[in-house]
Amino acid sequence: MTAPIRTALPGDMAEILAIEASVFGPDQQWEAEDLASEVSQGRVIVYTGDPKVVGYAVSKVRDGVGTLTNVAVLPSRQGLGVGDALVTSAMNGMWDAGAACIELECNTDLVSFYRRFRFDVCGFYTTGIGSKQRARVAMRRMP
């Protein structure tokens with residue numbers, strides 16, 4: 001059975017934004033207009049179930065470099081393979097679009113998740129100011 005993944009539609013925005021709000025703190029959430037722009041450019045895929053959207057991923061390929069920009073899954077559906085299916089589908093789409101490598105940035109607690117997909121750590125940095133600082137990790141995967 002194939003995963004219920006498809007390209008996001010403008011009508012999915014309310015559910016995508018609800019997932020965004022349930023997963024990320026206010027300082028990490030995308031602006032609605034920016035996310036809508038990604039949807040309109042066909043860069044967002046969604047995982048559907050029940051029949052609503054329960055997860056999404058944002059990716060793109062530019063100059064031969066794929067970027068996995070964001071992956072989010074409703075907390076009630078985490079650990080059930082939704083994120084795995086979204087990452088796999090997004091990666092396959094980037095390879096098919098001509099990516100020579102795929103890059104991403106994530107919080108340090110997600111390194112082990114992305115290593116399962118053969119991503120390697122290629123850098124660490126800190127983002128934010130004062131009490132809103134957080135450690136981030138840059139990762140890359142070759143074909």
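For the structure itself, look to the data block above.
Per chain, residue numbering runs from 1 following the sequence as it is written. Confidence filtering applies because this is a predicted model: local features only for residues at pLDDT of at least 70, side-chain atom pairs given and counted only at 80 or more, and all residues used for totals across whole chains, interfaces and linings. Processing note: side-chain calculations cover all non-hydrogen atoms of the structure and skip hydrogens and water entirely.

### As for the pattern of salt bridges
- Criterion for a salt bridge: a side-chain nitrogen of Lys or Arg within 4 Å of a carboxyl oxygen of Asp or Glu. With the rule as written, the count across this model stands at 4 salt bridges.
- With its nearest N and O atoms 2.7 Å apart, the salt bridge here joins D12 to R6.
- Throughout, exposure labels follow a simple rule: accessible area from a 1.4 Å probe, protein chains only, divided by the maximum for the residue type, with under 20% read as buried, over 50% as exposed, and the rest as partly exposed. Classification of D12 as buried rests on a relative accessible area of 7%.

### What to know about the nonpolar core
- The nonpolar core is taken to be a set of buried Ala, Val, Leu, Ile, Met, Phe, Trp, Tyr and Cys residues, with the residues joined through side-chain atoms within 4.5 Å. Of all hydrophobic cores here, the largest spans 39 residues; its most connected members are I16, Y56, L68, V87, Y114, F119 and M139.
- A total of 7 residues in this core trace back to one element, the largest contributor, which is helix α3 (residues 82-96).
- Residue contacts for M139: discarding those within four places in its chain leaves I102, E103, L104, C106, V111, Y114, R115, F119, D120, V121 and C122. Helix and strand assignments follow DSSP, with helices taken as H or I runs no shorter than four residues and strands as E runs no shorter than two, numbered in order from the N terminus. A contact between two residues is defined here by any heavy atoms of the two lying within 4.5 Å.

### Observations regarding the sheet that holds strand β5 (residues 101-107)
- The strand order β1-β2-β3-β4-β5-β7-β6 describes an open sheet built from 7 strands, whose pairing is mixed. The two strands at the open ends of the sheet, each matched to only one other strand, are β1 (5-7) and β6 (120-127). For this sheet, the mean angle separating the axes of adjacent strands, direction not counted, is 25 degrees. By definition, two strands form a pair when at least two bridges between them are found by DSSP. Convention adopted: a line fitted to C-alpha atoms gives each axis, helices being fitted over their contacting stretch, and angles between N-to-C directions are expressed from 0 to 180 degrees.

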